[in-house]
Amino acid sequence: ERVPLAHKSPSSRTMVMAESDDDSDVRQLLGVRGGSKTDNIWKIRLQLMKPVTWVPLIWGVICGAAASGNYHAVWSGAPLEVCLEDLGKSLGCMVLAGPLLTGYTQTINDWYDRDIDAINEPDRPIPSGAIKEDEVIAQIWALLLGGLGLAYGLDQWAGHDFPMVTALSIGGSFVSYIYSAPPLKLKQSGWAGNYALGSSYIALPWWCGQAMFGTLNAPVIVLSLLYSIAGLGIAIVNDFKSIEGDRKLGLQSLPVAFGVDTAKWLCAGSIDITQLGVAAYLYSIGETTYANILIALILPQMFFQNKYLLKDPIKFDVNYQASSQPFLVFGILDTALAMGHHQF
């Protein structure tokens, strides 16, 4: 029989409070809502970089390496030194895409969002005054220059005649800037902002991983840009929780511009139609096994859309993303493996 919290022993209440404190500490380090407050400047800096957002970029690098068809895993039968070198190259790309350039993106976004965060998330480090303005500016420059320096080093390691990884890093950093900063501030436009966000999280790290181990080709560029439309749908999910602040500050996110009911269908449609189109393409080039796997990964997403997203996207946004997104990202990997397997 469950015991009401009020009737638990002092030691039981202490354990519950400790678990709650531990959870809030983790949330603070990951940069998500509900985190604890801290005076540790390095924890605050990490919070600004939002480590929880690095995962899709790291996954994108993995997909790019898989799509190249030239990545040598330890089980590939290639010499051990070749496998270790490829592992080092992939880890370098992951650090570039995740902690450095996504950290830069998140920090600069928080800097230019400090007014809206004062409404939506007043406990964030910048609006709360937990970090000084000059410290934020220094972090932005350190992450940007560190990322570009690493990108150039990776190009040299890969033996590129043209520094493709550096070019992609410069392009992605520029998109990150105009996404957050005036006068363009793409995030003020629901369509342009969400697509820029989707392509930054899906296409750019994919291209980075593929460029590191091979060359970009037209089918991969088109497919990754198509998947960025699905990324647009994911970005819409993130907009539902910020409707109040967006409306007050005149930001035309899609939930604000079209209303919650229309936006939730736009969200589901962009995710599903994109993936079904990719599956159809895989069937058309004879990669039927990968196409069947992709269809099998789309169906659970539709189920969770009906269960959470279409029911109440504001209340169940976290539930939907936690349930559905693993199937989406494995679908992206499945597509990348198909590209690496196919002979163009």
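Look up: the structure comes first, before these words.
The rules behind each value
- Residues numbered from 1 in each chain as written.
- Predicted model: local features only at pLDDT ≥ 70, side-chain atom pairs only at ≥ 80, totals over all residues.
- Heavy atoms only, no water.
- Helix = DSSP H or I, 4+ residues; strand = E, 2+ residues; numbered from the N terminus.
- Buried < 20%, exposed > 50% of the residue type's maximum accessible area, 1.4 Å probe, protein only.
- Contact = heavy atoms within 4.5 Å.
- Patch = residues over 30% accessible without salt bridge, like charges linked within 9 Å, V, L, I, M, F, W, Y side chains within 5 Å.
- Areas by Shrake-Rupley, 256 points an atom, 1.4 Å probe, with all protein chains shown as cover.
- Salt bridge = Lys/Arg side-chain N within 4 Å of Asp/Glu carboxyl O.
- Expected span 1.5 Å × (residues − 1).
- 1 Å grid on protein atoms, 1.4 Å probe; cavity = no way out; pocket = protein on both sides within 12 Å on 5 of 7 lines; lining within 4 Å.
- Points joined across faces, edges and corners; volume = space filled by probe spheres on them.
- Nonpolar A, V, L, I, M, F, W, Y, C, P; charged D, E, K, R; others polar.
- Polar contact = N/O pair within 3.5 Å; in protein donor to acceptor, adjacent residues only side chain to side chain.

Draft legend 1. Structural view of unusual backbone geometry. Here the amide bond leading from Pro182 into Pro183 is cis, since omega sits at 10°, within 30 degrees of zero. Checked against the element boundaries, Pro183 lands in the loop between α8 (164-180) and α9 (190-201). Backbone geometry places Lys50, a non-glycine residue, at a positive phi of 45°. Tracing the sequence through the fold places Lys50 in the loop between α2 (41-49) and α3 (54-68). Assessed through its relative accessible area of 16%, Lys50 is described here as buried. Located in the positive-phi region is Lys185, a residue other than glycine, with phi close to 40°. Locating Lys185 in the fold gives a position in the loop between α8 and α9.

Draft legend 2. Examining the side chain of Ser253 more closely. By the secondary structure assignment, Ser253 is in the loop between α12 (243-248) and α13 (254-258). A residue is classified by how much of its surface remains accessible, and Ser253, at 3% relative accessible area, is buried. Ignoring anything within four residues of it in the chain, the contact list for Ser253 reads Gln188, Gly190, Asp239 and Asp246.

Draft legend 3. Seen up close, a nonpolar patch on the surface. A surface patch of nonpolar side chains, about 680 Å² in accessible area, is lined by Val74, Trp75, Leu80, Leu84, Leu87 and Leu91. Counting through the fold element by element, Trp75 comes out in the loop between α3 and α4 (80-112). In this structure Trp75 comes out as exposed when scored by relative accessible area, which is 74%.

Draft legend 4. Fine view of α3. The end-to-end C-alpha distance of α3, which contains 15 residues, comes to 22 Å, matching closely the 21 Å that a straight helix rising 1.5 Å per residue would cover. By the burial criterion, the buried members of α3 are Trp54, Leu57, Gly60, Val61, Cys63, Gly64, Ala65, Ala66, Ala67 and Ser68. Check the buried side of α3 and you find it contacts α2, α4, α9, α10 (203-213) and α16 (317-341). Note on α3: the residue one or two positions beyond its end, Gly69, has a positive phi of about 75°.

Draft legend 5. Local environment of the layout of surface pockets. Of the voids in this model, the second largest pocket is the one considered here, and its volume is about 370 Å³. Around the second largest pocket, the lining comprises 16 residues; the ones closest to its centre are Ile62, Tyr71, His72, Ala73 and Trp75. Elements supplying a minimum of two residues to the lining of the second largest pocket: α3 and α4. Here the lining of the second largest pocket is built from residues that sort into eleven nonpolar, five polar and no charged.

Draft legend 6. Molecular detail of the side chain of His342. Tracing the chain through its elements places His342 in the segment after α16. The class for His342 is buried, based on a relative accessible area of 19%. Within the structure, the side chain of His342 is placed 3.0 Å from the side chain of Glu287, a separation counted as a polar contact. With residues near it in sequence (within four places) discarded, His342 still touches Ile285 and Glu287.

Draft legend 7. Just the pattern of salt bridges, in detail. One pass over the full model with this rule turns up seven salt bridges. Between Arg124 and Asp110 there is a salt bridge, with the nearest N and O atoms lying 2.5 Å from each other. Note that Arg124 is positioned in the loop between α5 (114-120) and α6 (125-128) and Asp110 in helix α4, a separation of 14 residues in sequence. Taken as a pair, Arg124 and Asp110 share a single burial class, namely buried. Glu244 is the salt-bridge partner of Lys248, the closest N and O atoms lying 3.2 Å from each other. Residue Lys248 and its partner Glu244 are located together in helix α12, separated by four residues, close to a single helical turn.

Coordinates in, geometry out; function isn't part of it.
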